[in-house]
Amino acid sequence: MMRKVVETLLVSLVVVMVLGMYFKFVGGIPFNVSQTSTQKIGTFDVSGTGKKAVAPDEAVVDIGVRKQAKTVKEAQKMANESMDKLSKELMKIGIDEKDIKTTNYSVNPEYSPENYQKVSGYVVYQSLEVRVREGNFDKIEQVMDLAGSLGLEQAGGLRFELSDKLEKETKNTARAMAVAEAKEKAESLAKLAGVKLG
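Residues numbered from 1 in each chain as written. Predicted model: local features only at pLDDT ≥ 70, side-chain atom pairs only at ≥ 80, totals over all residues. Heavy atoms only, no water.

**Student:** I tried to follow the overall build of the protein on my own but got confused; where do I start?
**Tutor:** Summing up its helical and strand segments, the protein has 4 helices and 4 strands in all. Going from N to C terminus, the protein has its helices and strands arranged as α-β-α-β-β-α-β-α. Put simply, the protein has 198 residues, and 24% of those count as buried. When contacts within the protein are restricted to residue pairs at least 6 apart in sequence, those whose partners lie at least 24 apart make up 74%. In the form shown here, the protein has an accessible surface area of approximately 15000 Å², with 55% of it arising from carbon and sulfur atoms. (Helix = DSSP H or I, 4+ residues; strand = E, 2+ residues; numbered from the N terminus. Buried < 20%, exposed > 50% of the residue type's maximum accessible area, 1.4 Å probe, protein only. Contact = heavy atoms within 4.5 Å. Areas by Shrake-Rupley, 256 points an atom, 1.4 Å probe, with all protein chains shown as cover.)

This is the structure in structure tokens:
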């Protein structure tokens, strides 16, 4: 019995000595640990709004004539003469020729009140759009007064608009504001969620 215990102790001592020598000359036993990480990829949608108010930089005055005559040719001549005279007067007060544009031209028959199937004459309608640009708004009243002084039948339609250039600039500014707002929202949400924006 004692012999078996002694043998067991000797074997254990040899194992300890071998391990001791291994650690001394080889170093620690390497352990390979495989680590598995799970990454959750998510997305979130944000939106932004951009608003920018600007003052119109153009005014548009609508002016028209209505000329009636026995023949189409005569009615057209009367309408053309009135519009030619108007155009010349507009350019005299500083309105550029390119800012005077015909927007409507029509010829319609007139019927006799006694016989609605009988043509008694013709009516020519012609309208102009006069664009007054920023810096010349003081001329709006002059443009409207011209219509009255020249005896034009239709005048006074006035509206304000944005030029193509200003409209484009304003839209681009509003878009940039919307993107900045959306970006700020995204960064705030990412911070709360503890994630980084890619």
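**Student:** In this structure, what is going on with the pairing of strand E3 (residues 119–133)? I would like to understand it.
**Tutor:** Here strand E1 (residues 58–69) pairs with E3 via 12 bridges, running antiparallel. Considered in E3, the bridge of Val65 is made with Gln126. With 11 bridges joining them, strand E2 (residues 100–111) and E3 adopt antiparallel strand pairing. Within the sheet, the bridge partner assigned to Val107 lies in E3 and is Val124. (Pairing = 2+ DSSP bridges.)

**Student:** When you look at helix H2 (residues 72–92) in this model, what are you seeing that I'm missing?
**Tutor:** One turn of an α-helix holds 3.6 residues; hence residues three or four places apart share an orientation. Here H2 is 21 residues long and its end C-alpha atoms lie 30 Å apart, about the 30 Å a rise of 1.5 Å per residue gives. Three or more residues of H2 are buried, namely Ala75, Ala79, Ser82, Met83, Leu86, Ser87 and Leu90. Projected down its long axis, H2 shows its buried positions confined to an angular sector of 135°, all on one face. Residues of H2 that are exposed and point over 90 degrees away from its buried face: Lys73, Lys77, Lys88 and Lys92. In this structure, the buried residues of H2 make contact with E1, E2, E3 and helix H3 (140–149). Two residues or fewer past H2, Gly94 is found with a positive phi of approximately 105°. (Expected span 1.5 Å × (residues − 1). Arc of directions from axis to C-beta.)

**Student:** Sorry, what's going on with the side chain of Gln126 here?
**Tutor:** Residue position: Gln126 is located in strand E3. Apart from residues lying up to four places away in sequence, Gln126 is in contact with Ile63, Gly64, Val65, Ala79, Asn80, Met83, Thr102, Asn104 and Tyr105.

**Student:** Sorry if this is basic, but what is going on with the environment of Asp57 here?
**Tutor:** Here Asp57 is to be found in the loop between helix H1 (2–25) and E1. For Asp57 and Asp164, which are 107 residues apart along the polypeptide, the C-alpha to C-alpha distance reads 10.0 Å.

**Student:** Looking at this structure, how should I read the nonpolar core?
**Tutor:** One recurring pattern in soluble globular proteins is that nonpolar side chains are buried together. Counting residues in each nonpolar core, the largest one holds 22 residues, and the members touching the most others are Ile63, Leu86, Leu90, Ile95, Val130 and Val143. Secondary-structure elements contributing two or more residues to this core are E1, H2, E3 and H3. (Core = buried A, V, L, I, M, F, W, Y, C linked by side-chain atoms within 4.5 Å.)

**Student:** Explain helix H4 (residues 164–193) to me, please; I cannot follow it from the model alone.
**Tutor:** Here H4 is 30 residues long and its end C-alpha atoms lie 43 Å apart, about the 44 Å a rise of 1.5 Å per residue gives. Those residues of H4 not exposed but buried are Leu166, Thr170, Ala174, Ala178, Ala182, Ala186 and Ala190. Gly194, located one to two residues past H4, shows a positive phi value of around 75°.

Remember that the coordinates give geometry; whether it matters functionally is a separate question.
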